[in-house]
Amino acid sequence: MGCGHKDDKASLASSQIVSFSHQPHQTPSTPASKEVWKKGGRMFSILLAVHLALLACTLVSSGAFEKIAVHDYDVFFLLTVMMLIVIVWIIFYLFGTSWCPDAILCKDSHAGPIWLRGGLILFAIFSLVMDVFKIGYYSSFYSCLSAIKIIYPIVQAIFVVVQTYFLWISAKDCVHVHLNVTRCGLMLTLTTNLAVWMSAVTDESVHKAHSKLKKNVTEEIFRWLMKAGMRSSSAEECNCNSQICQIFKNGYFWLYPFNIEYSLFASAMVYVMWKNVGRFIDHHSHHIHRLKFRLFRRTFFVGIVLGLIILVSGLGILILYEVQVNSSTESSKKSQALTMYYIFNIVCLGLMSLVCIGGSVIYRFDKRDMDRHKNPTRTLDVALLMGAALGQYAISYYSIVAIVASTPRDAISALNLTYALLMIAQHTFQNIFIIEGLHRQPPKEDHKHNSHQKDLYGLTFVNINAVSLRVPDSGSTLAPSTASGTETIHPSDFVRSLTAPKKMNWRRKFLREISMFLLLSNIILWIMPAFGARPQFDNDTELNFYGDSMWPAIVDICLPFGIFYRMHAVASLLEVYIMS
């Protein structure tokens, strides 16, 4: 396992790299070299991940039900062990694998962009705050709880810190030593993040269902909903009665959405690292585009202003919805809140659909070439967009069937039907816009044109006709310029160089406005369901049509994918904005 003993595949790969260095016109991405890093350890690591994911899924889903003899502390024990193993492997990678000679021969410039790593750090900070609240909550009645419930958030906090540091410095690595160990370690890391995500989603769903039923159920049902794991046989000893305990409890449940998104962001970055293990990058075809993020340049501010209006309005709607639906038992206030929620979303989704169609039309006039180079990060982005959208598609189609087949129909049902149809349309048009934007080449900077432009901008206050002094009167303008090594510039070229950028950049400006508007709109559409505005549980049409057991199960399974879609769309739209 030492650095001097590489895998046979790594040795063969190194010999191929040497041979290619003497042949600059050939690329290492030939079919023969691709087979070097796509077999063997990959299949074993995939099998390892599948078995661990199935085990974790079985325990997490079983631990959510009282009648099954699997308790939540069994789930916490498994997750704690998995996180500890991942922490040990990350330390081995950082201080062992990455320090080996020729361990990282190249880096993937597309993997782990700065905005993705910045989002990961933001979610990691809130996840750490959630762990602190969890520790404070469980410590309030530690005498009657299993010790694993206090150990788990401590280990999770360490796991978040170590993994975030690991992904920040190693997300672009293409490792060429310890291939099998690295692949298995990355797959174990990915599976652990998915298991933590499943546990958080299940815990949040149980808490939401408990909060909905707590106002109208008896004490017997209330105890049935409580999770097991208490040493004492008396449930009353573990009630959270103090004010500080209630603050901790409500705080960490409100922070669950950030921890959920953190696990998914980390899983996506780890998957790209796994794809890059043993990969060779041809720098002749793998262009590195150093794009600058300029938020307040080359923009009309229309997209930002409209997006901020949507964002602020959505926050107000969310607050009113929470107050009128979750804090009030009057049916009239509930109907008002649902009507207000549906109208806001219909307007927002309608605008987003129109804007996405407009952006796709602008792409038809875009002269940039399509980027067809191999890019695992972009492939994953497209797959996640298409896959995560299936969750919201499923909810929308279930709602459409229930509304059309149910009688009688009222105004809320009509709004709900419009909302479901627009949700399908908006997801479809937005995916088309984002995928097309991700496959466009960044704008090419003409350095030759820019050097002339810089020289000519210095002559702005000089008579333009004076520029003609550099141009001979005779028709043989090429000979003197070639002999002297300088290039002559005609006054008409000077005028065109000053006016050409204004004529050519209108597409980029409009695409930036569209991207920024969609980005801010997706943020509010992520915030609303993530923090409690879920009309699927408050509208009686679907609940009466599918029953009290089937419809909540459908929403609990599909809604997390819809929430993740919004946040992943934000990251993708930010990349489209920068690429425009």
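Residues numbered from 1 in each chain as written. Predicted model: local features only at pLDDT ≥ 70, side-chain atom pairs only at ≥ 80, totals over all residues. Heavy atoms only, no water.

Student: I would appreciate a short explanation of the overall build of the protein chain in the present structure.
Tutor: When helices and strands are tallied, the protein chain shows 21 helices and two strands. Classification of the 580 residues of the protein chain by burial places 49% in the buried group. (Helix = DSSP H or I, 4+ residues; strand = E, 2+ residues; numbered from the N terminus. Buried < 20%, exposed > 50% of the residue type's maximum accessible area, 1.4 Å probe, protein only.)

Student: Please clarify how a nonpolar patch on the surface should be interpreted in this entry.
Tutor: Judged by side-chain polarity, Leu-354, Ile-357, Val-361, Phe-365, Phe-429, Ile-432, Trp-506 and Phe-510 come together as a nonpolar surface patch covering roughly 730 Å² of accessible area. Where the nonpolar patch is concerned, the elements lending two or more residues are α12 (331-364), α14 (411-438) and α18 (506-530). Considering each element in turn, the nonpolar patch owes the most residues, three residues, to α12. (Patch = residues over 30% accessible without salt bridge, like charges linked within 9 Å, V, L, I, M, F, W, Y side chains within 5 Å. Areas by Shrake-Rupley, 256 points an atom, 1.4 Å probe, with all protein chains shown as cover. Salt bridge = Lys/Arg side-chain N within 4 Å of Asp/Glu carboxyl O.)

Student: Teacher, can you tell me more about the nonpolar core here?
Tutor: Soluble, globular proteins show a tendency: their nonpolar side chains are buried together. Ranked by internal contacts, the top residues of the largest apolar core, which has 135 residues, are Phe-166, Phe-433 and Trp-526. Among the elements that line this core, the one with the most residues is helix α21 (residues 550-579), at 16 residues. Composition of this core by domain shows at least three residues from each of domain 1 (39-225 + 240-280) and domain 2 (297-442 + 504-579). Residue contacts for Phe-166: discarding those within four places in its chain leaves Trp-89, Ile-90, Tyr-93, Leu-94, Ala-171, Leu-186 and Met-273. (Core = buried A, V, L, I, M, F, W, Y, C linked by side-chain atoms within 4.5 Å. Domains from an automatic or database assignment. Contact = heavy atoms within 4.5 Å.)

Student: What am I meant to see in the packing of aromatic side chains here?
Tutor: Each pair of aromatic rings is reported with the distance of its centres and the angle of its planes. Inspection of the entire model under this criterion finds 30 aromatic pairs. Ring geometry for Tyr-321 versus Tyr-341: centroids 5.4 Å apart, planes at 45°, classification tilted. Linking Tyr-321 in helix α11 (residues 302-326) with Tyr-341 in helix α12, this pair joins segments that are 20 residues apart in sequence. Of the residues examined, Tyr-321 reaches a relative accessible area of 0% and is grouped as buried. (Phe/Tyr/Trp six-rings, centres within 6.5 Å; stacked < 30°, edge-to-face > 60°.)

Student: Would you mind showing me how to read the packing of α12 against α14 here?
Tutor: A packed helix pair is summarised by two numbers, namely the angle formed by the two axes and the spacing between the axes. Look at α12 against α14: their axes get within 8 Å of each other, and the N-to-C directions meet at 30°. Judged by the angle between their axes, α12 and α14 are roughly parallel. Judged by the twist between their axes, the crossing of α12 over α14 is left-handed. Split into classes, the residues belonging to the contact of α12 with α14 amount to 19 nonpolar, twelve polar and two charged. (Axes fitted to C-alpha atoms, helices over the stretch in contact; angles between N-to-C directions. Parallel < 35°, antiparallel > 145°, perpendicular 65-115°, else oblique. Left-handed = near helix turned anticlockwise from the far one by under 90°. Nonpolar A, V, L, I, M, F, W, Y, C, P; charged D, E, K, R; others polar.)

Student: Explain the pattern of salt bridges to me, please; I cannot follow it from the model alone.
Tutor: Counted by the stated rule, this structure contains two salt bridges. With a shortest N-O distance of 2.5 Å, Lys-107 and Asp-173 are connected by a salt bridge. With Lys-107 in strand β1 (residues 104-107) and Asp-173 in strand β2 (residues 173-175), the pair connects residues that are 66 residues apart, well separated along the chain. With a relative accessible area of 42%, Lys-107 lands in the partly exposed category.

Student: Explain the confidence of the model for the protein chain here, please?
Tutor: Considering every residue of the protein chain, the mean pLDDT works out to 76; 72% of them sit at 70 or more. Counted against residues more than four places away or in other chains, residues 4-37, with its pLDDT under 50, gives 39 contacts. Contacts from residues 493-504, a stretch scored under 50 in pLDDT, to residues over four places away or in other chains number ten contacts. (pLDDT = per-residue confidence, 0-100.)

Student: Help me understand the packing of helix α13 (residues 376-405) against α14 in this model?
Tutor: Packing of α13 against α14 leaves a shortest axis separation of 9 Å and a crossing angle of 165°. Judged on the interaxial angle alone, α14 and α13 are roughly antiparallel. Between α13 and α14 lies a crossing whose hand is left-handed. For the contact of α13 with α14, a count of residues per class yields 16 nonpolar, eight polar and two charged.

Student: When you look at the environment of Val-177 in this model, what are you seeing that I'm missing?
Tutor: With respect to the element layout, Val-177 can be found in the loop between β2 and α7 (179-214). When the C-alpha positions of Val-177 and Ser-98 are compared, they lie 8.5 Å apart, and in sequence the two are 79 residues distant.

Student: Can you walk me through α21 in this structure?
Tutor: It helps to recall that an α-helix has 3.6 residues per turn; residues three or four apart then point in one direction. Spanning 30 residues, α21 covers 43 Å between terminal C-alpha atoms, matching the ideal 44 Å at 1.5 Å per step. Where α21 bends most, the angle comes to about 30°, and this point is Cys-558, followed within four residues by the proline Pro-560. (Expected span 1.5 Å × (residues − 1). Bend = angle between axes of the 7 residues up to and from the residue.)

Student: Would you mind going over α13 with me for this structure?
Tutor: A rise of 1.5 Å per residue sets the reference length of α13, with its 30 residues, at 44 Å; its end C-alpha atoms lie 44 Å apart and thus fit the reference within 8%. Where α13 bends most, the angle comes to about 25°, and this point is Gly-391.

Student: It is not clear to me how the side chain of Gln-426 should be interpreted in this structure. Could you clarify?
Tutor: Its place among the elements puts Gln-426 in helix α14. On the basis of relative accessible area, Gln-426 is assigned to the buried category, the value being 0%. Apart from residues lying up to four places away in sequence, Gln-426 is in contact with Leu-349, Met-352, Ser-353 and Arg-566.

Student: Please clarify how unusual backbone geometry should be interpreted in this entry.
Tutor: Glycine aside, negative phi is the norm for most residues, and most peptide bonds take the trans geometry. Even without a glycine there, the phi angle at Asp-102 is positive, about 60°. If you trace the backbone, Asp-102 turns up in the loop between α4 (72-95) and β1.

Student: Just checking my understanding: could you explain the environment of Ser-521 for this structure?
Tutor: Within the secondary structure, Ser-521 sits in helix α18. Considered as a pair, Ser-521 and Ile-309 are 212 residues apart in the sequence and their alpha carbons are 9.3 Å apart. Those residues in contact with Ser-521, other than ones at most four positions away along the chain, are Ile-310, Cys-348 and Met-352.

Student: I'm lost on the side chain of Ser-267 in this one. Help?
Tutor: Structurally, Ser-267 can be placed in helix α10 (residues 256-276). Within the structure, the side chain of Ser-267 is placed 2.7 Å from the backbone oxygen of Ser-263, a separation counted as a polar contact. Ignoring sequence-local partners within four residues, the contact set of Ser-267 consists of Leu-190, Asn-193 and Leu-194. (Polar contact = N/O pair within 3.5 Å; in protein donor to acceptor, adjacent residues only side chain to side chain.)

Student: What exactly am I supposed to notice about the state of the cysteines here?
Tutor: Covalently bonding the sulfur atom of one cysteine to the sulfur atom of another cysteine gives a disulfide. Inspection of every chain in the model, using the stated rule, returns zero disulfides. Free of any disulfide, Cys-106 has its nearest neighbouring cysteine sulfur in Cys-174, separated by 4.2 Å. The buried category is assigned to Cys-106, whose relative accessible area is 9%. (Disulfide = S-S within 2.5 Å.)

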